[in-house]
Amino acid sequence: QVQLVESGGGMVEAGGSLRLSCAASGRTFNNYIIGWFRQAPGKERDIVARISNNGGSTYYADSVKGRFTISRDNAKNTVRLQMNSLKAEDTAVYYCAASLFGGRSQRDFGSWGQGTQVTVSS
């Protein structure tokens, strides 16, 4: 298993930027697909972006395409989510999660961080 801790959340004006980091501990971090998810109050948790174990493949939800960038540094056991041109609707708790296999469904992710709050004012 891998243990994940998110950081970098905060408050920002619409149009601004934030960078979220997911720090992982574990001996097999480079085997995991990493996803970023978000959940707004009263809403379901949805995928934001994911990245393959070697960083060669990425996925973005339509709502964040062109604005968010996911990347990873396996040597440092970290995954980053760069969020630009933030909108009020991006306000949510953001979670990183890890999956050994698949990663195409939220159910594939067995390890989750505690979440970090992102608030975008307008």
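Residues numbered from 1 in each chain as written. Predicted model: local features only at pLDDT ≥ 70, side-chain atom pairs only at ≥ 80, totals over all residues. Heavy atoms only, no water.

**Points about the nonpolar core**
Okay, step 1: Core analysis: the biggest nonpolar cluster contains 29 residues, and Trp 36, Leu 81, Met 83 and Tyr 94 have the highest contact counts within it.
Okay, step 2: Counting only elements with at least two residues in this core, the list comes to β3 (18–25), β4 (33–39), β5 (46–51), β7 (68–73), β8 (78–83), β9 (92–99) and β11 (116–121).
Okay, step 3: In this structure Leu 81 touches Leu 18, Arg 19, Leu 20, Trp 36, Val 48, Ala 49, Phe 68, Thr 69, Ile 70 and Tyr 94, once residues within four positions along its chain are discounted. (Core = buried A, V, L, I, M, F, W, Y, C linked by side-chain atoms within 4.5 Å. Buried < 20%, exposed > 50% of the residue type's maximum accessible area, 1.4 Å probe, protein only. Helix = DSSP H or I, 4+ residues; strand = E, 2+ residues; numbered from the N terminus. Contact = heavy atoms within 4.5 Å.)

**Points about the state of the cysteines**
A covalent bond between the sulfur atoms of two cysteines is what we call a disulfide.
Okay, step 1: Under the defined criterion, the tally for this structure stands at one disulfide.
Okay, step 2: The residue that forms a disulfide with Cys 22 is Cys 96, at a sulfur-sulfur distance of 2.1 Å. Its S-S torsion of about 70° marks the bond between Cys 22 and Cys 96 as right-handed, since a negative value means left-handed. Of this pair, Cys 22 sits in strand β3 while Cys 96 sits in strand β9, placing them 74 residues apart in sequence.
Okay, step 3: When its relative accessible area of 1% is taken as the criterion, Cys 22 is described as buried. (Disulfide = S-S within 2.5 Å.)

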